[in-house]
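# Structural features, examined
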Amino acid sequence: MAAAYAGEIPLSERKSGYALMSRDTQKMQDDRTANPGTLWVLEGETLWSQKAGSAAKSCAGCHGNSGSSMTGVAARYPAYNTTLRRPINLEQRINICRTERQHATAFAYESKEVLALSAFVGSQSLGRKIAPPADKRLTPFRNTGRDLFDLRQGQLNLSCAQCHNDNWSRRLSGAIIPQAHPTGYPLYRLEWQSLGSLQRRLRNCLIGMRAEPFEYGAPEYVALELYLMSRARGMRIETPAVRP
Amino acid sequence: MARALINVPAKATRGQVIEIKTLISHPMETGYRPDYNGKLVPRDIINKFVCTYNGTEVFRADLHPAIAANPFISFYTVATESGVLTFTWTGDDGKSFVEKASITVA
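Every value quoted in this text rests on a predicted model; they were computed, and no experiment measured them.

## A look at the domain arrangement of chain A
Residue and element names in this part refer to chain A.
- We note that the domain assignment places domain 1 (14-30 + 135-243) and domain 2 (37-123) within chain A.
- Listed as interface residues are 21 residues of domain 1 and, on the opposing side, 25 residues of domain 2.
- For the pair domain 1 and domain 2, the summed buried surface comes to about 1,900 Å²; carbon and sulfur atoms form 72% of the total.
- In this structure, the connection of domain 1 to domain 2 is made through zero salt bridges.
- Across the contact surface, domain 1 and domain 2 share three residue pairs in polar contact (both at pLDDT 80 or more).

Next comes the structure, spelled out in structure tokens:
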């Protein structure tokens, strides 16, 4: 990984959204029994060992049932997929396993099942440092993501960078603008009253800028995820996080 | 799916005030929200929560449509004797979800 790009937040000044939220919300995230994300993690643990599809295989059948076999995986996704010749995120990886290994129908984006499984896999990396792969094939996609981050879009003519690089810690109406580090996805947003993926969050921001959101799973979103993860490299995974 | 998380201290001394935390997965559908076709989604909430301690009711709450999804309820009680705490959430459909936790009082 190269040093921070020009215009980026210096590495020493990076903060997770956790640091910018109220103490009550922080306590909610830290207490496993108060964190609603735990409900999805437990559901994911159940799904993990359930056989599915015409192959009658469970996730545990290949990956083991230890509950820690996926440690560190969420910290390095999105990763390059050689068959598709493009990066894929964790939810897409889960669905590829589902269609190709289990011979089952793919889960819909933002469905309870895919959120539960990605929360279960993600929570196994809790406390680990985000470590984007040094794969050179990812570079063009990461650059696309960065360009999207800097691109002014929508009727408000805003870019991601204008809020999250230049004005973080200030307020946008009542809410504090975070630095946009995807440390805790999928996370429980109190506003959603549910767990949601990073793509749902990106969609929210695009709608807020009055830009047209991409379809779930669009390469643009994955490119943005890839760039955001490299921007947050070295920060600790908080999955499942809680955010206001 | 109904899934609940209960946080009760496993051990306590007699007379000690203990905090009990409960979290249950539930959509708490208000009945005021239209779906994508403009039709109202029928109300579906948990309307009652009861906690009994060895059969004696120690806490009860009525829940209303303005309460967020996945209700988190926390309360205090006095540890009197070893035994079982029973938690019952009852929904609009009249069905209940029951969860138990045991406590040792020395």
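## So, the sheet that holds strand β3 (residues 17-24) of chain B
Residue and element names in this part refer to chain B.
- The strand order across the open sheet formed by three strands is β1-β3-β6, and the pairing between neighbours is antiparallel. This sheet does not close on itself; its edge strands, each paired only once, are β1 (4-7) and β6 (72-78). Direction aside, neighbouring strands of the sheet carry axes that sit 15 degrees apart on average.
- In the sheet, β1 pairs with β3 via four bridges, with the strands oriented antiparallel. When the sheet's bridge partners are listed, L5 is paired in β3 with L23.

## Concerning unusual backbone geometry
All names here are of chain A.
- Along the chain, Y77 connects to P78 via a cis peptide bond; the corresponding omega equals -5 degrees.
- For P78, the position within the fold is in the loop between α4 (73-76) and β1 (79-81).
- Looking along the chain, the bond that leaves T239 and enters P240 is cis, with omega of -10 degrees.
- Take P240: it is sitting in the loop between α10 (219-231) and β7 (242-243).
- Of note in this structure, N157 is not a glycine but carries a positive phi near 55 degrees.
- Note that N157 resides in the loop between α7 (139-150) and α8 (160-164).

## Concerning the packing of aromatic side chains
- Applying the stated rule across the entire model yields 13 aromatic pairs over all chains.
- Residues B:F49 and B:F87 carry aromatic rings whose centres are separated by 6.4 Å and whose planes lie at 20 degrees to one another, so their mutual orientation is stacked. Pair noted here: B:F49 is in strand β4 (residues 46-53) and B:F87 is in strand β7 (residues 83-91), with a separation of 38 residues, a long-range link.
- With centroids separated by 4.1 Å and ring planes inclined at 5 degrees, the aromatic side chains of B:F59 and B:F75 adopt a geometry described as stacked. Here the residue B:F59 occupies a position in strand β5 (residues 56-62), and B:F75 occupies one in strand β6, the gap between them amounting to 16 residues.
- By relative accessible area, B:F75 is classed as buried at 3%.
- Chaining the aromatic ring pairs together yields one cluster made of B:F49, B:F59, B:F75, B:F87, B:W89 and B:F97.
- Positioned over the ring face of A:F107 is A:R98, at 3.9 Å from the centre of the ring.

## Structural notes on the interface of chain B and chain A
- In this complex, chain B contributes 13 residues to the contact, which on the side of chain A involves 15 residues.
- A salt bridge links B:R3 to A:E43; the shortest N-O distance between them is 3.2 Å.
- At the junction of chain B with chain A, the criterion picks out six residue pairs in polar contact (both at pLDDT 80 or more).
- Contributing elements (two or more residues each) for the side of chain B that touches chain A: β1 and β3 of chain B.
- By residue class, the composition of the side of chain B that touches chain A is eight nonpolar, three polar and two charged.

## Description of the sheet that holds β4(B)
Residues and elements named next belong to chain B.
- The strand order across the open sheet built from five strands is β2-β8-β7-β4-β5, with neighbouring strands paired in mixed fashion. Edge positions in the sheet fall to β2 (11-12) and β5, since each of these pairs with one other strand and no more.
- By the bridge criterion, seven bridges tie β4 to β7 in an arrangement that is antiparallel. From the neighbouring strand, Y53 faces β7, where its bridge partner is L85.

## Regarding helix α6 (residues 112-123) of chain A
Residues and elements named next belong to chain A.
- Taking 1.5 Å per residue as the helical rise, α6 with its 12 residues ought to reach 16 Å, and the 16 Å between its terminal C-alpha atoms agrees with that figure.
- Among the 12 residues in α6, 10 count as buried, and that is most of the element.
- Taken together, the buried positions of α6 are V114, L115, A116, L117, S118, A119, F120, V121, G122 and S123.
- In this fold, the buried residues of α6 make contact with α2 (37-48), α3 (59-63), α4, α5 (90-101) and β6 (194-196).

Rules of the game
- Residues numbered from 1 in each chain as written.
- Chains lettered and ligands numbered in written order.
- Predicted model: local features only at pLDDT ≥ 70, side-chain atom pairs only at ≥ 80, totals over all residues.
- Heavy atoms only, no water.
- Domains from an automatic or database assignment.
- Contact = heavy atoms within 4.5 Å.
- Buried area = accessible area lost by both parts, 1.4 Å probe.
- Salt bridge = Lys/Arg side-chain N within 4 Å of Asp/Glu carboxyl O.
- Polar contact = N/O pair within 3.5 Å; in protein donor to acceptor, adjacent residues only side chain to side chain.
- Pairing = 2+ DSSP bridges.
- Helix = DSSP H or I, 4+ residues; strand = E, 2+ residues; numbered from the N terminus.
- Axes fitted to C-alpha atoms, helices over the stretch in contact; angles between N-to-C directions.
- Phe/Tyr/Trp six-rings, centres within 6.5 Å; stacked < 30°, edge-to-face > 60°.
- Buried < 20%, exposed > 50% of the residue type's maximum accessible area, 1.4 Å probe, protein only.
- Lys NZ or Arg CZ within 6 Å of the ring centre and 35° of its normal.
- Nonpolar A, V, L, I, M, F, W, Y, C, P; charged D, E, K, R; others polar.
- Expected span 1.5 Å × (residues − 1).

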